[in-house]
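The primary structure of each chain is shown beneath.
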Amino acid sequence: MERGKMSSTGRGGKSKAPQHPQDIFALGSKSTVVVSRDAEKRNIHKPSTSGIGERKRETAGFGSAPPSKRARIGSPAEAVTGTSLEVDPVDLVPNVLQALDTHNSDKLLGLLTGSIRLLKSQRSKPDPILCMSMLYLTKIRPNMFAHETVTQSLCTLLKREQGAAFKSKGNPLVFVLACNMLYAGHRDNNSWPDTFIKVYIEDALNERWWVDCTWCKCLVENIVTAFGTKQPAAHLVPSDSALGSGSPLMGSTEEDLDNTELDYTVFPRYSSSYETVEALVLEAIREQIQRRAAPDAIGKGFLKLLSATCGFPEIRMIAASRLEAWLHSGKLWRAAQELLAHVCANAAASGPSAARDHEVLAQLARLRLKTKPLQAAYQACLREMVSESPALLRSVVTHTIYNELSNVRSPNNMAVLAALINAQPQLVPAAMADTYQELVVRTEDYLRPLRALTRECVRATRSDVAALLPLACALAHPPPMDPPQEIRERAFQSVADLFCVCSLVTAAHSKHAADYRAQLTALQQQALGWLRDTAAAYRPARHDYLHVLHKIMFVEPVETYSKVDNWPPESERALTYRLCCETPLPQNTLLRLIFIGLSKEIPVSPTEVFELIEQLVRRACALPPEEQPMPVDKLEIADYIFQLCQFHPPDNITLPAGYTAPALAITSLYWRGWMLLTMLAAHNPQGFAERAAAAYPTLRALIECCITGKPSIEWSCAAESERAEAERAAVLQLESHLAAASNAKLPVTEHSSRLLAQLTTLEPLGPARRPPGGVLEALQALSGQLRLGRLLCRQPALLLQLVERHGTRRAMPWLHQLLKHDRLELSVLPVQCLCEFLSAGGAGGEAGKAGELCAHLRRTLHSEEGARAVLHYYLQRLAHSHKSTRQSANRGLKLVLSQTDDATDMDYNADVSPESWLPLLPSLVHWEALRAEAVRRVRAACLVECVPRHVAAYLGFLASHASQHDLTDIVLDLSQVLMERTTVMGCVLPPVCARELPRTDAAQHAALHALTTLFHTHLRQMLSSTEPTEATEILEEGVEGSSGCYAGEKVTLQWANGRRATLHVVVAHAHLKLLCYGPSCLDTNQEMYSWLQSTWVGSDAPEAFVSESPDEAVLLPDWLRLSLVRSARKPLLEAGLRGLPAHKLALFIQTFGMPVSSMSALLDALDACPAGAVVRLGVERGYMAQLLLVQRARGAVGGHAFAAALRLSRPQYPPDDTLFTEEVLPEEEEDPWASPREPIRLDAGSITALLATTFSGADMFRGDLDAAFRQLHGLIADEARGGENPCTRATLSFLLTVNVAALLRLPAYAAPLLRALFHAKPSGFTEVAKNLLMQCKCARGPVADALRSAVGAASMSADHSPLPTIPQRASKEQLVAAFESTTPSTLEAVGNKIIQSQDTKVVVDTITHLLDKNQKNCYELTIKVEEDEKCSKQAAHVLSVRGLGCGLLLDWLSELQRETLGTQMRLMFVRGGGSWRPLLVTLLAHRASWRTLHACLAALLQPAGWSATSVLDFAETLIGSPRVWQGRDRATPKHHTPEDSLRLTHAQLDVLIQYVSEEASEAEASEGLEAARRSIEARLPLILRCCSAPHALLAAALAASKAHPLLLVLLYMKVPKVLQLLRECSERPPAAPPSAPPERLQAAARRSTSATDRVSHALLTTLAAPPQHHSKEHSQKMCRAEANARAVWARCRGAGERALPLAGALLRGVRGRSHQQHQHLLAALEILPDDDLFAPAASEEVHNILECFLTMVKESGAGSGSLAHRVAALLRRYRAARPARAAALLAAHRDTVASQAALSGLMGAEGPPASVAPPPHALHELRRRVAPPPELHWLLQEVEAWGVRRGGAWGGARAADALLRAVAPLAAHPHAPLRTAALSLLAKLLPAAPDLHPGLQAILECLDSSQPEVAQSAVDKLPELVVGMQEHAARILMRVFELGMKSRLPVEPCIAKCVATINLNRGC
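What you see is a predicted model; the values in this text were computed from it and never measured.

With respect to the overall build of the protein chain
Item 1. Along the protein chain, the regular secondary structure elements total 96 helices and five strands.
Item 2. The burial tally for the protein chain puts 49% of its 1964 residues in the buried class.
Item 3. Intrachain contacts of the protein chain at a sequence separation of at least 6 include 73% that bridge at least 24 residues.
Item 4. Looking at the protein chain as shown, the accessible area adds up to about 93,400 Å², and 54% of this sits on carbon and sulfur atoms.

Here you go:
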């Protein structure tokens, strides 16, 4: 009440906040009261309560203003002033809502306008309740403020009021409220009223209360879109303080600018009123300019308005014309810089405003900036402009150059050009060159200013001449227009002068740089390219062109280059010119010059160009050779040079028809060309000189002449005279034709010829020609002047070839000269040449030179490289085939290695032994590094050397210095030497009989000791190796000089004590051969020899087996046994005689040179042989008796039983020979073998007893069976020649009664008897043979063969018809009839006769026809033939299946026709073919060419009824043929992909699939589905080999889907991407009915292998492996491996089911480890669908897996966390799929389930499993994507949290696919948090989704986005994304690489991480 009273008295206003600042005091109390009373009277609010009324009165008093002031403002809302209603701020919201409910629009409009009027009156301190009410209404009903009247009223709040300017300046609340209410009302409108533009311009031109306010930017930024202004880069705009950045309501200040975040959208609002807006802006701008003409009158607001409206070209023009004054203004320079940046950013190179923008650029080019900061800002703006719009670069450069060349040039032009060059080093010089060309073709001469401009540009860039090369490249382009005729010459000379200026400036500014010569060379090449390609546009005359060519190559006088502007100055002119002249002459420059000379369109002659090239080459030769002045490597340059020298007849002369002018050259140019090539070769000795000398013999001779200083030895006088005569005739003939064509009257002779002395034959590749004398002298003078000989000596190959051509006996004084004239020649010459010179003895004539050369080579030995070169040269010659070469090598090694100065005294004809230098080798400094090569070379020398002393020295060296690693190769080589070079080794090693150490045989025993040491060490190494087989493996190729005959023959030796070794056969034989030489006298206690002897021939002798085979090998062949026997050593003798049969012993005793002891042992062995074996030897008795006589005379003993068995007569001793008179032979009674029994004479009666005793076992015959049967054979043969045959009849009678089994048991007696009867041919023998053969129809052996021969001969004798008569040219039918009429006995004769007399083609067709009939069973009998009727008259036809004729036909066919095709394909591939068909197929595959094979395969892959198995076998044979791999690497890389050698089309592949299906169907019909699976799996490698490309794989999948369902299933298992190809294919596979139920197909597929098995096993093993260390990298690796496993199992059906056993095993192994591994394995299992996870086949494994998880949860206790919840979810799925098994599992673990809260729900009643669907609201909103970004971000987080709770499955494939499709489009959203969350969720969804297409498109859209931040987000997240879509990794990484090339994004780390992620699967 009191407060009400105070208000009524009028003092309430005084007590409130005053309206004036604190430093102003009111004078008197009445004025205050009056003011308060006036304010109270003007209050339009009526209080409803006392308390509120006081507050309302206080509020009303702050913002009151007299009506006269409002009228002066000119508000647009004055028209509706009468409609506004006065309202209390408290009642505003209820009244407005009531008006809305009653649809009272007038009241609503009045309330809103009244509140706006009240707010306007309270501008300085508005009522908070009123503000909040207005904000609330704006929030709930923003469309109310879009009304035109309300909008106009709100605009009055934004307009400027003169009277309230001071009071309202400090509080922008009213402006912020108005702006936000206007934006809220018009937010959804695309077309805004023009009033906004007007109020924006008004505020922008004045105080900028709300234009610069941060809280008003929602309205301001939408208004600014009307101007279409591009914002410049942030670094170009100078920083300035902003107004009103704090929150008006919270009282914050400018410091809160960065925290201001408003939710608003900006898009064009004035797109349909562009002209209106432009007119408004231009009107306001021009009005301001007119009112404020002076620069000081312009304010910052005006410049900022210009910056905001720079989108209009007129504004840019206005700003550019006044920028210079504003930039230099002290208070406007900052805003002016911002305006400059906006002008540059909005300039356009094309479009309707391009012309105006070019004027703007011209204005900018005329700016004259005085301070360096301004210049730097100006340059930065220009750099940014040309980088963003390169099309503007040309205009900027052009205007800058034109301004520089004008009279009012700006002082910062050079700085601008320098800055542009630094920013665009390639484009700016090109633009300058275009401007140069425009100026050059003008009427005025701009050459002098352009030269100065070029120099100044280089000076401005701080002597950086790198831009001159792009300038020259652009100058070489054609001119923009055809130059006028009057200025062509001047323009041509000017452009050439500019090229020269570029070179001179480069030389002047970069003479201290390392690469200035390369820059000069590049400039010259560009100038030459201009001359060759572009200069024709100027149509220069010949002298002008030649002058310019000389000028560019700097062969003109120095004054020519400085006469235009006297630059370079006099002090620098000579140096600069010399630097340009010293430019190298590379190959490209030479080629461009040559092409200029060869071009017919260029007005210079080849002769002039040749002279210029010669001058340039001579000049380049004067440069130091170390700088490579003329690098050349192409041999074609020689041909081009000779084309310049070639003589061409005049074009106006026609030569006679049929005559071709010979290739002739101008003689002077021709030989000067050879000299030019010699100079080029001298400066390129490494590559060009060697190849050119090999290709051009004349050049080789000239090089020799330069080196030696003498004429070449290749110049032959006889050949030269012949060539000269032929050349003379050719030139005279050509001149005669030319004279005849020109109507010459005088005949052409040698005396009258003009061309004879000027032309020569052009044969550069022909034999070496001798140059004329003057040319030779000139060449020698040139060589001495330019040191060509010394330069050519830098190539060792040239010198060595020269030495070889001269030979070792030819004098080489030139080599003396090289060593004599210059001491440095020793270091220049190659080591090989010095070595050759020293070993050849050439320096012997020069006193001290040999010693100097030796000293130099000895110094060379101190370095490893030099020692290696010297030893390599000499040691490799030790294995040379010529003795002289080996001698020189020994001599050189002795000179080089010895330290004495005996080089001058050496006799170069004496033989030097290796013993003199081999001991010196180990004394070398780098001996350990050289040891291996020295041993290898000495080993090779042993294979060649023939001198025994040398070989012995080599053996000693090898024994002393061989390493353990080289022993295998050394022993192999020495074994070959020992076994093959017996003559040499017989002299190297001591004889077998040597027992002592004579003085003369010490070297032999030393060699034997060295050899024994090597073999002993090697064998001990082999036996002591832990892996003997691998330890003894050696290379198949022998070392140099190896014979190679034993390559690949190895035996495995097995000793009784279990030791094994695998050796080459030659090594084993060499060991035994070495034992034959006996022990060396140097072998202490014979330890090595005794060990070797006990190892090889003792009681523990090894057994030999063929390597890699169980078959026993022959370790001791006969020749080696003979050597062992000859050694006469008891162990060796016993080993050699062990197991020898009698016939070999008989051969051994007949060998010459056998020792007496060995002969005695042989005779004793013969005595021990069975008598029967000795009798059957069949030796000549007289010779053997004499042999025994001689051996006994030598002292041999034994042989008595041998002599007795052979019934040798007692020798008659000579009277004077009393050596054996006292020796008494053993008595016959005591030795049964001494005198054999007298043989019993056989007769007809005793034959039966003999046969019965032999075959029936009766003891009826007492004589010797062998002798008796020999008598019986003789009697049968005698009776066959005589009349009576009682013995034969007796034999036949016995054979009729004998059992054939007895004959088969004793083939040694039965077979010879049957053969004797067969040759005797007695009557009745055939019946006997048939009878016996019937008893042994299936028997094999000599007896059965004899019986069959007898029966067959009888049948052939019965068929005694003669050979059929065959005409000379018989037809096919006649030949067929002839073959069919043959018998087994006549088939071969008839066939040979036909082959010899008939046409081969007809014979081949006949044989093919016969074989075809054989396949069709045309020769088979129609009745059944028993086995015993084979020999009857109804026997099988010779060409039938049982006949023998097909084999002959096949042999003849393989010989007559190498390639089998045509009708013979039916023989090989038709269904149901003969058993001989594989032979023809094999011949075809091995003999035919590839063209024939491919043609055959193409014919087979046509649907023609071929045999499926045969065709498939043939295709596999072609793929696996060794021909395919000829020339390929034997060891293929791990990830090598085999080539598709068949290259089948889709149709052929379809037929191939049909064959596989047909074969599988046959197998399935006969043996079942398992057989079909094995058949298909056997053919799958063939199919995959033919499907190297994706389209071929798709064709195979489509064909398989039509052919056989199991084939498609197995193909999918081998190549899972088949399913993706089928999905993307437009032709879907047909739904063919499967031949077996799906269960059977799945069961068959489970027994097969899959491509996913290795991947799944590798990933699961990685997940289960214990971590080496816990780190972030390891965690990321595990997560990626888990994602890989989930991706594989989600997209490959059945892959997870197949990996369940391994998962269970790994889970049982990781139970005690960290929970993280459990989580990864569980996530991989969760991805599997219920059909796979709980399939019946995997029921037991899943049960065990769940049991393991329950055990883990129990062990973890309360700390199991999310693991228990996820296990519970898995158990619910298990209970829904397998209730009984799940109940048993839960019952077994009831305690664990009860103790865990997450598992306790499983014990209740069974219910449906937890929902796997994602949150429906979130999924729905994400699909719509209409919610604000923060809300979408929150929804993504909700979905991600739901997915984490579901583990790795994400609700299954369907839910994951739905989420992926909903989330993928958000990956490219502009909102950064939303985009990041979407990409993170994509990385988790991709491994679980079956279809990756939405994710792939989203990633590609991000990478292709025009917003860099979007692309950067995708790049940052790509290593995680690529894990789930590795199928598309190549495409994505290629797109990332292209992004990195086109943008500035750092993509290299991303690509590296992606590749590292993908490489995690390389182990799979």
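Still to come is the rest of the account.
Section: the pairing of strand 4 (residues 1060-1064)
On a regular strand, each side chain points to the face opposite its neighbour's, so the side chains alternate between the two faces of the sheet.
Item 1. In terms of residue burial, strand 4 counts as a mostly covered element, since four of its five residues are buried.
Item 2. Pairing of strand 3 (residues 1050-1054) with strand 4 involves five bridges; the strand directions are antiparallel. The partner of Val-1051 across the bridge, within strand 4, is Leu-1063.
Item 3. Counting the residues between successive antiparallel strands, the hairpin from strand 3 to strand 4 contains five residues, one of them, Gly-1058, with a positive phi of roughly 95°.

Side note on the confidence of the model for the protein chain
Item 1. With 81% of its residues at a pLDDT of 70 or more, the protein chain shows a mean pLDDT of 78.
Item 2. Segment residues 1225-1237 is flagged for pLDDT under 50; beyond a separation of four residues in sequence, or across chains, it makes 16 contacts in the model.

Focus: helix 61 (residues 1286-1297)
Item 1. For helix 61, built from twelve residues, the straight-helix expectation of 16 Å at 1.5 Å per residue is met to within 8% by its first-to-last C-alpha distance of 17 Å.
Item 2. Contact partners of the buried residues in helix 61: helix 59 (1244-1256), helix 60 (1265-1281), helix 62 (1300-1305), helix 63 (1307-1320) and helix 64 (1325-1335).

Examining the sheet that holds strand 3
Item 1. Pairing within the open sheet is antiparallel, and its three strands lie in the order 4-3-5. A single partner strand is all that each edge strand has here, and the edge strands are strand 4 and strand 5 (1103-1106). Pairwise comparison of adjacent strand axes, ignoring direction, gives a mean angle of 30° for this sheet.
Item 2. Here strand 3 runs beside strand 5; their pairing, made up of four bridges, is antiparallel. Counted as the bridge partner of Leu-1053 is Ala-1104 from strand 5.
Item 3. Strands in contact with helix 50 (residues 1065-1076) are strand 3 and strand 4; relative to strand 4, the strand with the most contacts, it is inclined by about 100°.

Things to note about the pattern of salt bridges
A pair can form between side chains of opposite charge whenever their charged atoms are brought close.
Item 1. Summed over the entire model, instances satisfying the criterion amount to 44 salt bridges.
Item 2. Lys-159 is paired through a salt bridge with Glu-202; the nearest N and O atoms lie 2.6 Å apart. Placement of the pair is Lys-159 in the loop between helix 9 (148-158) and helix 10 (173-186) and Glu-202 in helix 11 (residues 195-205), with a sequence separation of 43 residues.
Item 3. The exposure class of Lys-159 is buried, given its relative accessible area of 17%.
Item 4. Residue Glu-714 pairs with Arg-700 through a salt bridge whose shortest N-O separation is 2.9 Å. Here Arg-700 lies in helix 33 (residues 697-708) and Glu-714 lies in the loop between helix 33 and helix 34 (717-741), a separation of 14 residues in the sequence.

Definitions and limits used
- Residues numbered from 1 in each chain as written.
- Predicted model: local features only at pLDDT ≥ 70, side-chain atom pairs only at ≥ 80, totals over all residues.
- Heavy atoms only, no water.
- Helix = DSSP H or I, 4+ residues; strand = E, 2+ residues; numbered from the N terminus.
- Buried < 20%, exposed > 50% of the residue type's maximum accessible area, 1.4 Å probe, protein only.
- Contact = heavy atoms within 4.5 Å.
- Areas by Shrake-Rupley, 256 points an atom, 1.4 Å probe, with all protein chains shown as cover.
- Pairing = 2+ DSSP bridges.
- pLDDT = per-residue confidence, 0-100.
- Expected span 1.5 Å × (residues − 1).
- Axes fitted to C-alpha atoms, helices over the stretch in contact; angles between N-to-C directions.
- Salt bridge = Lys/Arg side-chain N within 4 Å of Asp/Glu carboxyl O.

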